[in-house]
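# Descriptive analysis of the structure
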Amino acid sequence: MIKHLIDFVALGIILGLSLFGLYFFRHQTDKQIIVTVLLGTSYILWGVFHHLHLGNLKFQVVMEYISISALVVFILTLFLLRV
């Protein structure tokens, strides 16, 4: 239980820092995109770390985290660029 709590607190910190970064650089789209890519990368690394702790890390799980992260980064980037 405590293992899960620590992992999810870390995820919350990652997401919180990303939101702060997006707000802090609210008038600098290029830096917001960098924050978005860092968020996606951090999410992938967190997912690998989390499943490594659980002992159920598989290729399919890693691909799922990569896919979700790529989709979110793509959508946020489009939103930031207002395309």
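Every residue gets a number counted from 1 within its own chain, in the order that chain's sequence is written. pLDDT decides what is reported in this predicted model: residues at 70 or higher carry local features, side-chain atom pairs at 80 or more are listed and counted, and totals for whole chains, interfaces and linings draw on all residues regardless. Values shown for side chains rest on all heavy atoms present in the structure; no hydrogens or waters enter the calculation.

### Quick word on a nonpolar patch on the surface
- Like-charged residues within 9 Å of one another, or nonpolar side chains (Val, Leu, Ile, Met, Phe, Trp, Tyr) within 5 Å, are grouped into patches, provided each residue has over 30% relative accessible area and no salt bridge. The accessible surface values rely on the Shrake-Rupley method and a 1.4 Å probe; as for residues, cover is taken only from the protein chains in view. A carboxyl oxygen of Asp or Glu within 4 Å of a side-chain nitrogen of Lys or Arg is what we treat as a salt bridge. Together, Ile-2, Leu-5, Ile-6, Val-9, Ile-13 and Leu-17 line one region of the surface with nonpolar side chains, adding up to about 600 Å² of accessible area.
- Note on conventions: DSSP H or I runs of at least 4 residues are helices, E runs of at least 2 residues are strands, and numbering of each starts at the N terminus. Of note, Ile-13 is situated in helix α1 (residues 2-24).
- Residue classification places Ile-13 among the partly exposed positions, given a relative accessible area of 48%. Exposure categories follow from relative accessible area, calculated using a 1.4 Å probe and restricted to protein chains: below 20% of the type maximum is buried, above 50% is exposed, and the middle band is partly exposed.

### A few points about the side chain of His-50
- The residue His-50 is located in helix α2 (residues 29-54) in this model.
- Using a relative accessible area of 5% as the deciding quantity, one classes His-50 as buried.
- The criterion used for residue contact is that any of the two residues' heavy atoms lie within 4.5 Å. Once residues lying within four places of it in the same chain are set aside, the contact partners of His-50 are His-4, Asp-7 and Phe-8.

### Some remarks on the packing of aromatic side chains
- Each pair of aromatic rings taken from Phe, Tyr and Trp, with Trp reduced to its six-membered ring, is defined by centres within 6.5 Å and is described as stacked if the planes are under 30 degrees apart, edge-to-face if over 60, and tilted in the remaining cases. For the structure on display, the rule yields six aromatic pairs.
- Aromatic pair Phe-8 and Trp-46: ring centres 5.4 Å apart, planes at 55°, arrangement tilted. Here Phe-8, found in helix α1, pairs with Trp-46, found in helix α2; they are 38 residues apart in sequence, far enough to count as distant.
- Summarising the aromatic geometry, the rings of Tyr-43 and Tyr-65 are spaced 5.1 Å apart at their centres and angled 50° between planes, so their arrangement reads as tilted.

### Some remarks on the packing of α2 against helix α3 (residues 59-81)
- Note on method: axes are straight lines fitted to C-alpha atoms, helices fitted across the in-contact stretch only, with angles between N-to-C directions ranging 0 to 180 degrees. Closest axis-to-axis distance for the α2/α3 pair is 9 Å, and the angle between their directions is 165°. In terms of orientation, α2 lies roughly antiparallel with respect to α3. The chirality of how α2 crosses α3 is right-handed.
- Just so you know the grouping, Ala, Val, Leu, Ile, Met, Phe, Trp, Tyr, Cys and Pro go in nonpolar, Asp, Glu, Lys and Arg go in charged, and all remaining residues, Gly too, go in polar. Its residues assigned to classes, the contact of α2 with α3 comprises 16 nonpolar, nine polar and no charged. Any angle from 65 to 115 degrees is called roughly perpendicular, while one under 35 is roughly parallel, one over 145 is roughly antiparallel, and all others are oblique. By the definition used in this description, the sense in which the near helix is turned from the far one sets the handedness, with an anticlockwise turn below a right angle giving left-handed and a clockwise turn giving right-handed.

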